[in-house]
Amino acid sequence: MPYNSVKEILNICKKEKCEIWQVVLDEQVSETLLSKKETFEDVKKMYSVMKQTVAEYDKDAVSSGKMAGGAGELLKKYSEKHDKNLLGDFLSSAVEYAVKTAESNACMKRIVAAPTAGSCGIIPGVLIAYENIFGTDEDKLIKALFTASGIGNVIAQNASISGAQGGCQAEIGTASAMASGALAYLEGGSNDCIANAAALALKNMLGLVCDPVAGLVEVPCIKRNAAGATNAAVAAQMALSGIKSVIPIDEVIDSMYSIGCSIPTCLRETSQAGLAITPTAIRIERKLRKK
């Protein structure tokens with residue numbers, strides 16, 4: 001990467017008078033040696049897979065651990081039944097699609113890592129919902145994906161996107177920050193606004209532990225995708241309204257890394273603490289072991 005921080009990306013944008021997605025696209029071109037058009041089309045294909053995942057959601061599919069399946073359909077039915085629901089059209093759709101994507105992953109259907117399997121529903125959820133509700137041009141959505149990937153690359157380089165290394169904050173937190181930056185871009189936010197949206201989203205997820213029941217990417221992972229999608233929208237709206245993160249995004253990322261290193265091993269995907277050792281979780285694990 002030609003940059004080691006979000007600040008460096010912003011400096012390049014100021015110097016070149018361009019947007020974040022253009023810096024990320026240029027770097028991708030230099031790494032792959034593909035043309036800009038080819039690189040853009042590759043990401044467009046990725047987005048089409050995300051949409052296909054939601055479109056082909058199987059409401060009857062059940063995960064191997066029997067803890068996931070059908071929740072996306074329940075969310076859909078609730079939204080269709082209630083003209084006025086708590087989240088409104090956009091957030092209701094984003095949560096539904098986030099859960100559907102994560103459930104499809106757990107049920108071994110279409111798998112989308114964005115940036116990880118455990119956080120796979122957040123970015124697809126908010127982008128597909130945005131396209132469906134607001135009718136945005138697809139090319140702009142791809143530019144939003146490039147914007148998100150720039151944020152994600154910096155986090156991966158300076159902290160972690162692995163639950164085993166940094167806790168769930170590294171997975172759900174990173175995806176939420178990426179999605180928030182993408183939403184800020186889609187809504188016409190400046191480069192600084194995008195950085196603030198990512199910072200606000202990531203701050204809200206700091207300290208989130210990774211405690212999967214029976215070691216499976218099912219509980220609480222899938223429902224956390226819904227929370228991450230909602231958090232992304234909230235942070236984006238705050239940034240778009242002019243609210244700035246007092247702590248810059250790069251310092252938030254550094255803090256996430258430090259916190260991740262401080263989280264006990266038992267709360268980093270080992271299923272040795274947290275929700276993974278509740279009485280119900282232990283009963284589920286014993287049942288699975290017998291099978």
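What you see is a predicted model, and the numbers here were worked out from it, not measured in a lab.

### Regarding the overall build of the chain
(1) Moving on: When you go through the chain residue by residue, the secondary structure sums to 13 helices and 0 strands.
(2) Moving on: The order of α-helices and β-strands along the chain, N terminus first, is α-α-α-α-α-α-α-α-α-α-α-α-α.
(3) Moving on: Based on the C-alpha atoms only, the size of the chain along its principal axes is roughly 60 × 45 × 40 Å.
(4) Moving on: A burial count over the chain gives 52% of its 291 residues as buried.
(5) Moving on: Of all intrachain contacts in the chain linking residues separated by at least 6 positions in sequence, the fraction that spans at least 24 positions is 76%.
(6) Moving on: In the structure as shown, the chain presents an accessible area of about 13400 Å², 54% of it carried by carbon and sulfur atoms.
(7) Moving on: Within the chain, the 32 negative side-chain charges are centred at a point lying 7 Å from the centre of the 31 positive side-chain charges.

### So, helix α3 (residues 36-55)
(1) Moving on: Between its terminal C-alpha atoms α3 stretches 29 Å, which fits the 28 Å expected from 20 residues at 1.5 Å a residue.
(2) Moving on: Looking at α3, one finds that the buried residues are T39, F40, V43, K44, Y47, M50, T53 and V54.
(3) Moving on: On its buried side, α3 packs onto α2 (20-32), α5 (88-106), α6 (122-134) and α7 (138-158).

### Examining the nonpolar core
(1) Moving on: If you look at the biggest cluster of nonpolar residues, it comprises 74 residues, and the most contacted ones within it are L127 and L183.
(2) Moving on: The residues touching L183, leaving out its near neighbours within four places in the chain, are F90, V126, Y130, A232, A233 and A236.
(3) Moving on: Listed in part, the 9 residues of the second largest apolar core include A68, V95, I222 and A226.

### Some details on the environment of E269
(1) Moving on: Of note, E269 is situated in the loop between α12 (249-262) and α13 (279-290).
(2) Moving on: Under the relative-accessibility criterion, E269 is labelled partly exposed at 38%.
(3) Moving on: For the pair formed by E269 and T147, sequence separation is 122 residues and the distance between their alpha carbons is 29 Å.
(4) Moving on: Those residues in contact with E269 that lie beyond four places of it in its chain are G163, A164, E171, C210 and P212.
(5) Moving on: Among the polar contacts listed, one links the side chain of E269 to the backbone nitrogen of A164, at a separation of 2.9 Å.

### Some details on the pattern of salt bridges
(1) Moving on: Taken as a whole, this structure holds 10 salt bridges when the rule is applied.
(2) Moving on: E41 serves as the salt-bridge partner of K44, at 3.7 Å between the closest nitrogen and oxygen. With K44 and E41 both in helix α3 and 3 residues apart, the pair spans about one turn of that helix.
(3) Moving on: For E41, a relative accessible area of 33% translates into the label partly exposed.
(4) Moving on: Residues joined in a network through salt bridges with shared partners are E41, K44 and D139.

### With respect to the side chain of D211
(1) Moving on: Note that D211 resides in the loop between α10 (191-205) and α11 (221-240).
(2) Moving on: A residue is classified by how much of its surface remains accessible, and D211, at 4% relative accessible area, is buried.
(3) Moving on: Within the structure, the side chain of D211 is placed 2.9 Å from the backbone nitrogen of L275, a separation counted as a polar contact.
(4) Moving on: Dropping the residues within four chain positions of it, D211 is found in contact with V219, P220, R224, A273, G274, L275 and A276.

### Focus on the packing of aromatic side chains
(1) Moving on: Taken as a whole, this structure holds 4 aromatic pairs when the rule is applied.
(2) Moving on: Judged by centre distance (5.7 Å) and plane angle (40 degrees), the rings of F90 and F134 are tilted. Within this pair, whereas F90 is found in helix α5, its partner F134 is found in helix α6, the two being separated by 44 residues in sequence.
(3) Moving on: In this structure F90 comes out as buried when scored by relative accessible area, which is 15%.
(4) Moving on: Ring centres 4.7 Å apart and planes at 55 degrees place the aromatic pair Y130 and F134 in the tilted group. With Y130 and F134 both in helix α6 and 4 residues apart, this pair spans about one turn of that helix.
(5) Moving on: Using a relative accessible area of 6% as the deciding quantity, one classes Y130 as buried.
(6) Moving on: Looking at F134, the relative accessible area reads 47%, which means it is partly exposed.
(7) Moving on: By way of ring pairs, the aromatic residues F90, Y130 and F134 are connected into one cluster.

Conventions and cut-offs
Residues numbered from 1 in each chain as written. Predicted model: local features only at pLDDT ≥ 70, side-chain atom pairs only at ≥ 80, totals over all residues. Heavy atoms only, no water. Helix = DSSP H or I, 4+ residues; strand = E, 2+ residues; numbered from the N terminus. Buried < 20%, exposed > 50% of the residue type's maximum accessible area, 1.4 Å probe, protein only. Contact = heavy atoms within 4.5 Å. Areas by Shrake-Rupley, 256 points an atom, 1.4 Å probe, with all protein chains shown as cover. Lys, Arg positive; Asp, Glu negative; His and termini not counted. Charge placed at Lys NZ, Arg CZ, Asp CG, Glu CD. Expected span 1.5 Å × (residues − 1). Core = buried A, V, L, I, M, F, W, Y, C linked by side-chain atoms within 4.5 Å. Polar contact = N/O pair within 3.5 Å; in protein donor to acceptor, adjacent residues only side chain to side chain. Salt bridge = Lys/Arg side-chain N within 4 Å of Asp/Glu carboxyl O. Phe/Tyr/Trp six-rings, centres within 6.5 Å; stacked < 30°, edge-to-face > 60°.

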